[in-house]
Structure formats: C-alpha cells, structure tokens
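# Results of the structural survey
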Amino acid sequence: MLMSSEPNLTRRRSLRNTADLIEAGLVAPEGRIALDQVAARTAIALTPAIVDLIQSGDDPIARQFVPSAAELHTAPEERTDPIGDEAYSPVKGIVHRYPDRVLLKPIMVCPVYCRFCFRREAVGDADGTLTAAEMDAALAYVAGRPELREIIVTGGDPFMLPPARLAALVARVANIPHVEVLRFHTRIPVADPERVTDALADALKTESELAVWVSVHANHARELSPAARLALRRLADAGLPLVSQTVLLRGVNDSADALEDLFRALVRNRVRPYYLHHPDLARGTAHFRLSIAEGQAIMRALRGRLTGIAQPTYVLDIPGGAGKVPLMPAWWDQERGEVEDWQGGKHRYPPG
Ligand SMILES: *Cc1c(COP(=O)(O)O)cnc(C)c1O
Ligand code: SF4
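Described below are features of the structure shown in this document. Because the structure is predicted, anything quoted here is derived from the model rather than measured.

### Re the packing of aromatic side chains
- According to the stated counting rule, one finds three aromatic pairs in the structure shown.
- Look at F116 and F288: their rings are 5.7 Å apart centre to centre, the planes differ by 80°, and that puts the pair in the edge-to-face class. Of this pair, F116 sits in the loop between strand 2 (101-104) and helix 5 (132-143) while F288 sits in the loop between strand 7 (271-277) and helix 11 (292-305), and the two are 172 residues apart along the sequence.
- Since its relative accessible area comes to 6%, F116 is described here as buried.
- Sitting above the plane of the Y141 ring, R145 keeps its charged end 3.7 Å from the centroid.

What follows is the structure, given as structure tokens:
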C-alpha cells in the first residue's frame, strides 16, 4: 500500500544524473554532453512519484523536472540570486525583508529539483543544513525581535527533515511568545507524497497557541495524483490550514484552462490557492518565462469562470530584494470613472 507510516524498504530510487535519465528513457543519449554541463551547475532529482506522472518528453511534468540544454543559456537580465536573499540575510538560515516576518531555511535539499527554481544555484547542497548551533543562532535572532510575528520555513524543502526534528522546531517556536504563525513551504505532498506520514502530520500539530500553516507548491493539475491527494488529506485532517503557491511557467501552465484545472483541483483538496508567482530571473530559465501582460490576461480570464476561493494573487518578487508586489489586472479606470465587469461590460462608478 502507498502511504503506510512504516518505512517502505522497497522504495524505488530517485533519478539524480544524466545516466539515470537516459536509462529511464527521459532524455536521448545524444543529449548527454549538454546535460552533464547542466548537472555540473545545478542539482537534478526526480522522485519515482514524479517519473510516474510523465507521459511524454515535453509534457507539463517533464518540462518542470527533466533538465534541458536551454538551461545553459544565461539571459543578460538573469541573476544568481534573483530575489536578493543574500543581501537580506542577517544570520545564516534567516532572510529578513519585511518588518513582521522572516524566512528560516533549515535545510537546502529538496526531493526534486525544479528546473525553474529561483534558488536553483543554492539548493541541492547537503552542507546547507543548519547545524544545532546555527539553528540556535537563527531562533535567537527571532526571539530577540518582538516585532516578528511569523516564521516562514522554506529552503530547500523543510519536510525533508525527520518528523522528530520538525516537532522540535514547532516546540521551540511555540516558546517564542511573539511568534503567532509558523508557515511551512513544501513541494513534498506533490513530489514525494509517501513522506507525508501520520508521524509527519503529528509533528506539525501543537497544543500551544501557535498557528501552523502549510503552503504547498503545485503547478499543474496532474501533480495532484491519488497519492498526493491522500497526503493533502492527511495534512488537512491534522487541522493544518493549507494554501498553495504556483509558478506561472511557459509550456507548463500558461493558459487559463490549465490554471483553472489546477486551482479547482486544489480547492477540491482543501487547499486555498494563495500566490501565482511570475517566474523569477534565475539563470538559465528564460525558456520558462512569459510577459507580465500575458500573465495578467490569464488572471483576467480566470475572474469570471472560477470561484473566488480558487483565485490566487498574481505576484512578482522584485529582482534584488525589494519584496513581492501584486500584479493583478486593473478593473477600475480612475481616469474614466469606470469599472469593467468580468464579461467586459463597462459601468460608471462615482469618483471620490
Ligand atoms: C516571499 C517572502 C516572504 C513571504 O511573503 P508573503 O507575502 O507573506 O507570503 C517573507 N519573507 C521573504 C524574505 C520572502 O521572500
Ligand atoms: S522544491 Fe522549491 S526550493 Fe526545491 S527546487 Fe523546487 S522550487 Fe526550488
């Protein structure tokens, strides 16, 4: 059975290099030289759960995880650290950009390596895991700043930590009186759903006042396999509020149809779509990007056809570290004193 809480000793291996990909038939042997160069720059991993979702070499799942020679091209506007994590990191493992919240990055490895990842040059490094002393220093930073209300645990993928370590983190954060919310960002319910065991869900529960939220990264409806849906159910049944983050990606989900299917599937599984991210300027990802105008046209199309609880906010993380801003299409024209409805009808609305 899938999803047993016992470790499964017959677990299949992840694919981690060009040879594995060729052997699995996911890349042609002629691609080897170029992809070895990609592999020298960025980590590669596809879990069995993800491999099982791939139906063809250019389907929306393959495009996200199978490396491509296009990644060897760096566009002039692209950056190693696109959203400026480094510049806003006061101590190892913490990114402090906003007054009320910080990122905590306890671990830098992931179950899969998304080819478009904004931290693609930082993830995959097993040495990036915080030592006990570094974790103490990171939590001391938060404990010493009463204005901080929320810790967002990211990485890497924090659900790669053993449940006992997650439980210890939850308990320590619950002891910082001014921290009200602990939010985990993870791709594991989709990428390696068997890791979402009862032990993991229990580790995130707390008797304290601390609110523990989970944000799930999902980009295509097909990622919500039966095993992924069971993982989400386990988290929701543990009482954890679930939200999602999606990256808008050319060739993956760049249509109102694809996003409608995804957002409906998320809501059916008790996940509230939270952010649709405009792709970041990470090096070697130009083939995934579309224009902000294209993204806004898709958001506009979704407005009329999709329930309000399935509508995320379309956001840009401003290159360099200035933070996230909404990129929602405008429905109100101040100059004309007009609002537009979802079918394109124009209506006067009194100014002032
Ligand atoms: C994205 C991000 C957050 C979280 O932003 P929300 O809008 O609260 O989801 C917090 N801190 C940093 C540094 C970030 O990059
Ligand atoms: S799981 Fe998240 S952090 Fe890891 S490679 Fe994918 S986008 Fe990057």
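### A look at the pairing of strand 7
- Within strand 7, five of the seven residues are buried, which leaves the element mostly enclosed by the surrounding structure.
- Where strand 6 (residues 242-247) meets strand 7, six bridges bridge the pair, whose relative direction is parallel. Each bridged residue has a counterpart across the sheet, and for V243 the counterpart in strand 7 is R272.
- Chirality of the crossover, the property in question, places the unit of strand 6, helix 10 (residues 256-268) and strand 7 among those that are right-handed.
- By the bridge criterion, three bridges tie strand 7 to strand 8 (residues 313-318) in an arrangement that is parallel. Counterpart to L276 in the pairing with strand 8 is Y314.

### Describing the site of ligand 1
- In the vicinity of ligand 1, the contacting residues are I83, V95, R97, Y98, R101, L103, I152, R183, Y274, Y275 and K324.
- In the model, an oxygen atom of ligand 1 is placed 2.6 Å from a nitrogen or oxygen of the Y274 side chain.
- K324 is positioned with one of its side-chain polar atoms (N or O) 3.1 Å from an oxygen atom of ligand 1.
- Within the complex, the protein chains bury 93% of what would otherwise be the 390 Å² of accessible surface of ligand 1.
- Put simply, the parts of the chain that give the shell around ligand 1 at least two residues each are strand 2 and strand 7.
- Residues that form the shell around ligand 1 fall into these classes: seven nonpolar, no polar and four charged.

Quick notes on the rules
- All residue numbers here refer to positions counted from 1 along the written sequence of the relevant chain.
- Starting at A for chains and at 1 for ligands, labels are handed out in the order in which the entities are written.
- Residue-level local features of this predicted model are given only where pLDDT is at least 70; pairs of side-chain atoms are given and counted only at 80 or more, and the full residue set underlies all totals for whole chains, interfaces and linings.
- Side-chain descriptors were evaluated using all non-hydrogen atoms of the structure, hydrogens and water having been removed beforehand.
- Stacked, tilted and edge-to-face pairs are distinguished by plane angle, under 30 degrees for stacked and over 60 for edge-to-face with tilted covering the rest, among Phe, Tyr and Trp rings (Trp via its six-membered ring) whose centres lie within 6.5 Å.
- Here a helix means four or more residues in a row that DSSP labels H or I, a strand means two or more in a row labelled E, and each is numbered from the N terminus.
- Burial classes: relative accessible area under 20% of the type maximum marks a residue as buried, over 50% as exposed, and values in between as partly exposed (1.4 Å probe, protein chains only).
- Definition used: whenever NZ (Lys) or CZ (Arg) falls within 6 Å of the ring centre and also within 35 degrees of the ring normal, the charge is taken to sit over that ring.
- We treat two strands as partners when DSSP finds at least two bridges between them.
- Throughout, right-handed denotes a crossover for which the path from the first strand over the helix to the second runs clockwise when the strands point away from the viewer.
- Whether a residue is near a molecule or strand is decided by its heavy atoms; if any one of them lies within 4 Å of it, the residue is near.
- For this analysis, a polar contact is any N or O atom pair within 3.5 Å, provided that within protein one partner can donate a hydrogen and the other can accept it, and provided that sequence-adjacent residues contribute only side-chain to side-chain pairs.
- Only the protein chains shown count as cover for residues, and all accessible areas are computed by the Shrake-Rupley method using a 1.4 Å probe.
- Under the scheme applied, nonpolar residues are Ala, Val, Leu, Ile, Met, Phe, Trp, Tyr, Cys and Pro; charged residues are Asp, Glu, Lys and Arg; polar residues are all the others, including Gly.

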